[in-house]
Every structure is written in structure tokens, then in C-alpha cells.
Amino acid sequence: TIHLSLGYIPEVFNLVKKKKKTQFFGCLLFFSRAVLYDKSITLDTKDLKIFKVSANGQAAKFELGAQHGFKGSPLEITLPFELSRGQHVIVEVEYETSPSASALQWLSPAQTAGKKHPYLFSQCQATHCRTMVPCQDTPSVKHTYYAQVSVPKELIAVMSAVRDGQEADPTDSSRVIYRFRQPVPMPSYLIALVVGALESRYFLDLFFFFEWTETMLKTAESLAGPYVWGQYDLLVLPPSFPYGGMENPCLTFVTPTLLVSTCNSPGVIAHEISHSWTGNLVTNKTWEHFWLNEGHTVYLERMIGRAMEGEQFRQFKAIGGLKELQEAVHQFGANNAATNLVVNLEGVNPDECFSCVPYEKGFALLYHLEELMGGPEVFMGFVKSYIQMFAYSSVTTEQWKDYLFTYFKDKVDILNKVDWNGWMHTPGMPPFKPHEADIKQLSSHQLIEFLALLLLQDPLPTSHVKRMQEVYKFNSINNSEIRCRWLRLCVKSEWEDAVPLALKMATEQGRMKFTRPLFRDVYNFAKFRDEAVKVFKEHRNEMHSVTAMLVAKDLKVDQSTGL
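Residues numbered from 1 in each chain as written. Predicted model: local features only at pLDDT ≥ 70, side-chain atom pairs only at ≥ 80, totals over all residues. Heavy atoms only, no water.

(A) Structural view of empty space enclosed by the protein. One pass over the structure, following the stated rule, counts four cavities of 30 Å³ or more. By volume, the largest cavity is sized at about 230 Å³. W287, F290, P350, C353 and F354 are, among the 18 residues lining the largest cavity, the residues nearest its centre. (1 Å grid on protein atoms, 1.4 Å probe; cavity = no way out; pocket = protein on both sides within 12 Å on 5 of 7 lines; lining within 4 Å. Points joined across faces, edges and corners; volume = space filled by probe spheres on them.)

Listed below in C-alpha cells is the structure:
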């Protein structure tokens, strides 16, 4: 049972409580005069059952509009009174979510590590919050929120907010209420909730990496300005979590594959920490401008790495990112508009365009501008100023570009020579390849990039990968980044012994970075195409809904019939 209030001005509100055992109920929405221009309000919803709506305690008329594919149905609310200047309105919506809500993944006890209690986690990016809360589900709108979550007392609730205490549920002695408040305005896709038998654990092997978190935060503050979110916690999610991490304020979600990918752990954590400034504090206004979130975040992530490990480390990570971008462009096709930096999402589900393109093509542009404007220190000064200028708001690429020209007003002649159309609106690889230094000393990261380079080439003879296994024992490596690339290399080389290992990795965790390419490669191995489809169908109910949808598309499985 959850009671959630969204403050479209920075306020906190109490909520009326009502019992529901398995699904979400109750949403209190607060709108300022700036949002309400007349007596009608339109909220995004999808698969929600609306019971009633009230405004300042008075019953309000409401109607669910027609379904619009992935966008769901608009909830049209008519206020029962006229508005006066400066009037505050509290709109209360009583509703229930659907068991198939795409923002929520419900795990049975059998699907958890402890096998005793169920588990729930949410993932609202990009447009899934509307399946959990009726809201203005767009990154162009920011709000504060307050929540009360009632759960069985053997479970713990955490959210993307500051903890605000807990108490016994006065209506049920077997339950406890957790309270949360988020006073910093943020977009709806950053609302996050986890309920489960959570524990704090000390992982000796990972302590060296996770202890870097405080150092990374301090380094990020020195680069980008004060951290405004209060607390910073890391939560390792179940294997079905489809991403490497999710930058929910106060509560970063991370994939459990980090537990066996220690050489990549600091990079993932640095990336999610960086989102506290680029993405959470300054946000892309629409998903067409997603690169503003991710390109700047990769840039800040690598600047953190530079401060802690040196410029060669940053250069090496940039080389790896460029290789990932080449593979993504190859996968989409060099003329596919999905590889534009600024994409056209008219009628397109943003999840279907998810790739490393906005991350690495965005970083490549910023790195190119860094070279043109005078180096890392000079350009980081711009990034910090950009964050300060647009903090707590949402921006477009044009606004970013206008500010870039304003900040570097003495270098406008150089900026005018940049092929902006080639960078922003042309598919394929960037129009300019940034100069990158070479890394001569061997490191653990180089093995990852060595395998990534081999994946970009024609498949090796099967005898070659067998010999590599004999010499280097790749099959015994548990590091997820290395293991995924190695198994993909083997499957592409049509080594049949690697197929069950590849399918096992594709299904024992749910990070899309690993699951999708492994399934695709097995599917493209003609002899095992049916096996790839069969294994996917056996495991699709264990997957996050976004993962299942995209793998089904990769394998050409009809999502309506499952055939």
C-alpha cells in the first residue's frame, strides 16, 4: 500500500490512508497556479483503474481518454470550482495499478535469493511512471514528492527520496509504514520504490571499489558543484534488473553483475553519481534530447576517472566507448535515424531506441568541443557553468547550444566551423573522430577492449577460439564484461560448445547490455536459432518487461501471441 503526493511546487502534504494488499493505491497531486491554466487537468496514465477524483476535498469529474499505444490513456479531470490567482489546489486520485504495470516487477519468493519473501522494484524511465502513478509523465515537468508506504513488517521499503521515519501501521499490527520525502524537484521517471527483505552486506572483494563512492562524490562536487540530494545509497537489485545502473536520486540502483565485474564497478558507480548533476539536476526536456543526459554524464564520469586515475585512464575508457559506438551503429545500420544524436521519436516508444549512441556519440561531441575550446579544464568550466545555469530545470539541445556559444563568446568563429548538422541530425558515426592517446601499459580493462575489437572483425575460425580457451581459460572468468564478449566471440565463430554457456548467461541475469546481444548472436547462429527462441520463451516471464519486449523483437517473436 502506498500513498504518494507529488508537489508541483516544493511542498509536502499529508495523505488519506486506505488499505490495499497487493497493488498501489492513492495519489495526491498538488498543482500550482502556474500549472493550472483553466479548470481542466490532463494526467498521463496507463492501465490504471481510477476509482474517484477530488479537488480540495470536493468531488471532481474525470474521464479516461482513448488508449494511445505505449503512451496509455490521458486522465482528463475537471475541477469543481473556478480558480483564483495564487490559489493552491490539491487533487486526489484514488486508483489501483495493473498487475502488468510496466514500471513494476513483482518477484515471487522463489525468484529471490532468500526464497522466503516476495520482492518489488520499479523502473520508470522512460515513460513507465504513468503505469504506477497518474502524473505529468514527461521530463519537462519536475516535482517534489512525499510518500508513505505500508508493507509487512518483515520487509523494508526504500525510495528515491530521503527517509523520513517509520512507525507501526495503526490499522494493521502486522505491517509497518515507511515515510519518505524528496524536497528537490525532479522528473517523474526518477520516482523509484523497492520493497523486500533487504540487508546490508559487506563484500570483501568489492569493498575496495565501493569505498571509492565517497571519493567519487567529493571529486564530482569539485568538478560540478554541490551535491543537493542529501543522501547517496547504493542498492544491488535482482538479476532481472535490465540496466547497469539507474540514477534514482538518493538511491542508485545497480546491477548484480557488478559483483563479478569488479574492474568495471567504479565506472558504473561514477556514471550514476554523475547523473546527480547531469540528468537529475539538469534534465533533457524531451527524450529526443536524451544525449544531454547521457553524453554529459559520460563526460563527467570520465573526468572523475581522470582526477582519480589520470588522463591515460580517461583516454582508454574513451577508446572503449568509441568501439561500443561502432558496434551499435553497425547493429542499427549506418543510415538508421536511430543513430542520430537528436532523434525523432514521433510515435516511437523511447525504449525501442535505447542504445549506447546518446552516451558515446554525445561524449564524442563533448570531447571534440573540449579539444577545440582549449582542453579538459577549460571545457569542464563550461559544463559546470551549464549545470549551474540550468539546475532544477529541463533543457533542449538548442538551449544547450545557445549557452555554449554564450559561454565561449570569444571563440564563436571556431564553434561556427563545427558540423552541427553532421553531429546532431545525421546517422552513423560522428563526422569527426576525436584524437585519442594510446595506452601502452597492460591493465585489466584492456582485455575487455581486446575482445571488443575482435567482435568488430570478421568471425574467427572455430579453431582459433578453441585455442584461446586452451591458453587463456576464458570460460573460467566470471567477470561479466569479459565473459559476455568472450561468449559472443565464440558464438560468432560458431563454436557449438559456447551456445549453452551464452544462453545461460543471457538468462541468469537480466542486464540488457549482456542479455540482448547474447540472444541475438545465438539467434544468428542458424543451427541454434530455434533454441534461442525456445530458451527465451521459457524465461521471458522472469525478465523485466522492457527486456522481454526488446529481446522478443530481436528474435522476431510475436509479442501478442508469443509465437
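(B) The arrangement of the side chain of S54 in detail. By the element assignment, S54 lies in strand β4 (residues 49-55). By relative accessible area, S54 is classed as buried at 15%. (Helix = DSSP H or I, 4+ residues; strand = E, 2+ residues; numbered from the N terminus. Buried < 20%, exposed > 50% of the residue type's maximum accessible area, 1.4 Å probe, protein only.)

(C) Up close: the UniProt feature "binding site: a peptide" (unreviewed entry) in the protein. In the numbering used here, UniProt assigns the "binding site: a peptide" (unreviewed entry) feature to Q123, C124, Q125, P242, Y243, G244, G245, M246, E247, R511, M512 and K513. Those annotated residues that line the largest cavity are Q125 and Y243. Looking at where Q125 falls in the secondary structure, it is placed in the loop between β10 (119-122) and β11 (143-152). On the accessibility criterion, Q125 (11% relative accessible area) is buried. Excluding residues that lie within four positions of it along the chain, Q125 makes contacts with Y189, Y243, M246, E247, W287, F290 and D351. Considering the arrangement of structural elements, one finds M512 in helix α15 (residues 512-524). Residue classification places M512 among the buried positions, given a relative accessible area of 4%. Aside from chain neighbours lying at most four places away, what touches M512 is P242, Y243, F354, P517, V546, T547 and L550. (UniProt positions renumbered as here; feature names shortened; annotations may be inferred. Contact = heavy atoms within 4.5 Å.)

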